[in-house]
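# Examination of the molecular architecture
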Protein chains: 2
Amino acid sequence: MDKKSKKGTSLGLHPRWRVTAGKNIALGPGKMDLLTLIGETGSIGKAAGKMGMSYMRAWSLIKTMNECFHLPVLVTERGGRERGGATLTDTGKEVLKLYRQMEKGSLKAVQPKWRSLQRLLRT
Amino acid sequence: MDKKSKKGTSLGLHPRWRVTAGKNIALGPGKMDLLTLIGETGSIGKAAGKMGMSYMRAWSLIKTMNECFHLPVLVTERGGRERGGATLTDTGKEVLKLYRQMEKGSLKAVQPKWRSLQRLLRT
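Residues numbered from 1 in each chain as written. Chains lettered and ligands numbered in written order. Predicted model: local features only at pLDDT ≥ 70, side-chain atom pairs only at ≥ 80, totals over all residues. Heavy atoms only, no water.

## Description of the overall build of chain A
- Looking only at helices and strands, chain A features five helices and six strands.
- Its helices and strands taken in sequence order, chain A reads β-β-β-β-α-α-α-β-β-α-α from the N to the C terminus.
- The burial tally for chain A puts 47% of its 123 residues in the buried class.
- Counted over contacts in chain A with a minimum sequence separation of 6, partners at least 24 positions apart contribute 49%.
- Surface exposure of chain A reaches about 6500 Å², of which carbon and sulfur atoms provide 50%. (Helix = DSSP H or I, 4+ residues; strand = E, 2+ residues; numbered from the N terminus. Buried < 20%, exposed > 50% of the residue type's maximum accessible area, 1.4 Å probe, protein only. Contact = heavy atoms within 4.5 Å. Areas by Shrake-Rupley, 256 points an atom, 1.4 Å probe, with all protein chains shown as cover.)

## Notes on the pairing of strand E4 (residues 24–27) of chain B
Residue and element names in this part refer to chain B.
- Bridging between strand E3 (residues 18–21) and E4 involves three bridges; their strand directions are antiparallel. Paired with Val19 across the bridge in E4 is Leu27.
- Count of turn residues in the E3/E4 antiparallel hairpin: two residues, of which Gly22 carries a positive phi of about 60 degrees. (Pairing = 2+ DSSP bridges.)

## Quick word on helix H4 (residues 90–109) of chain A
Residues and elements named next belong to chain A.
- Compared with an ideal rise of 1.5 Å per residue, which puts 20 residues at 28 Å, H4 spans 28 Å between its outermost C-alpha atoms and is within 8% of the ideal.
- Every buried residue of H4 is listed here: Thr91, Gly92, Val95, Leu96, Leu98, Tyr99, Met102, Glu103, Ser106 and Leu107. Buried residues of H4, seen end-on, are gathered within an arc of 165 degrees and therefore sit on one face of the element. Of the exposed residues in H4, those oriented more than 90 degrees away from the buried face are Asp90, Lys104 and Lys108. (Expected span 1.5 Å × (residues − 1). Arc of directions from axis to C-beta.)

## Comments concerning the relation of the copies chain B and chain A
- It takes a turn of 180 degrees to lay chain B on chain A, together with a shift of 0.0 Å along the axis; the resulting RMSD is 0.0 Å. Overall, the copies show the geometry of a two-fold rotation axis.
- Same-surface contact between copies: 100% of interface residues of chain B are shared with the interface of chain A. (Least-squares fit on C-alpha atoms with pLDDT ≥ 70 in both.)

## Here's the deal with the packing of helix H5 (residues 111–120) of chain A against helix H4 (residues 90–109) of chain B
- Look at H5(A) against H4(B): their axes get within 10 Å of each other, and the N-to-C directions meet at 155 degrees. One way to sum up the angle between H5(A) and H4(B) is to call them roughly antiparallel. When the axes of H5(A) and H4(B) are compared, the crossing they make is left-handed. Residue-level contacts link A:Lys113, A:Trp114, A:Ser116, A:Leu117 and A:Leu120 of H5(A) to B:Glu94, B:Val95, B:Leu98, B:Gln101 and B:Met102 of H4(B). (Axes fitted to C-alpha atoms, helices over the stretch in contact; angles between N-to-C directions. Parallel < 35°, antiparallel > 145°, perpendicular 65-115°, else oblique. Left-handed = near helix turned anticlockwise from the far one by under 90°.)

## Observations concerning helix H3 (residues 55–68) of chain B
Residue and element names in this part refer to chain B.
- With 14 residues, H3 ought to run about 20 Å at 1.5 Å a step, and its terminal C-alpha atoms sit 20 Å apart, in line with that.
- Those residues of H3 that sit buried are Tyr55, Ala58, Trp59, Leu61, Ile62, Thr64, Met65 and Cys68.
- Those residues of H3 that are buried are in contact with E3, E4, helix H1 (29–41), helix H2 (44–50) and strand E5 (74–76).

## What to know about the interface of chain B and chain A
- At the interface, 38 residues of chain B touch 38 residues of chain A.
- Across the chain B/chain A interface, buried area totals approximately 3600 Å², and carbon plus sulfur atoms make up 68% of it.
- Where chain B meets chain A, there are zero salt bridges.
- Counting the contacts that link chain B with chain A gives 20 residue pairs in polar contact (both at pLDDT 80 or more).
- Sorting the residues of the side of chain B that touches chain A by element identifies strand E2 (10–14), E3, E4, H3, H4 and helix H5 (111–120) of chain B as the ones contributing at least two each.
- Its residues assigned to classes, the side of chain B that touches chain A comprises 20 nonpolar, 11 polar and seven charged. (Buried area = accessible area lost by both parts, 1.4 Å probe. Salt bridge = Lys/Arg side-chain N within 4 Å of Asp/Glu carboxyl O. Polar contact = N/O pair within 3.5 Å; in protein donor to acceptor, adjacent residues only side chain to side chain. Nonpolar A, V, L, I, M, F, W, Y, C, P; charged D, E, K, R; others polar.)

Right, dumping it as structure tokens:
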């Protein structure tokens, strides 16, 4: 959704949906990128590394997500906080899919307004 | 967009659109709330205060916005950084209007997915 102008300043529009559950942030762009990377790498440690995030920080985000949903979003091979493999559950995959569909659908919905906004922005 | 359940955990869905212009964040929820409050109070200082933000921080956000658009988003009575009154320009009003329309339109567009997501969330 980036637009590169002749002068080289690219304009970008980014949906950064946040889902709150009471005081918790159940979902947001960072948590979704983390889940995506865990799905790709099969490892919390590798996913955290790619995001420049500590393992403990990644685990804390996962813990919050797991607490917010009826079922956990991922399972670890040896359970708990050990650094074994990690796999998204069906809930995790469904949450990720719905979030990405929300991003895509909302980007599409705002295109006319975004075009108006772009005309006001320097490029 | 909050949903209070019988058990009292409210679920909320928040569009937090971010507009980037090169490395700058031209618009985001914080900048938009600041513009809204400046429009309401007519004062950068009062708007900053309501957001628990320093005057310098508010001014820095406004400076970034002004740099990103062809025309400034607000004018101050005595110009520069003095603590006089502040008024949104036509550009400022238009930006704010388009941003709020994007929020509203995108929330509407994602309702079916959001209902699916809510079923997975604890309440």
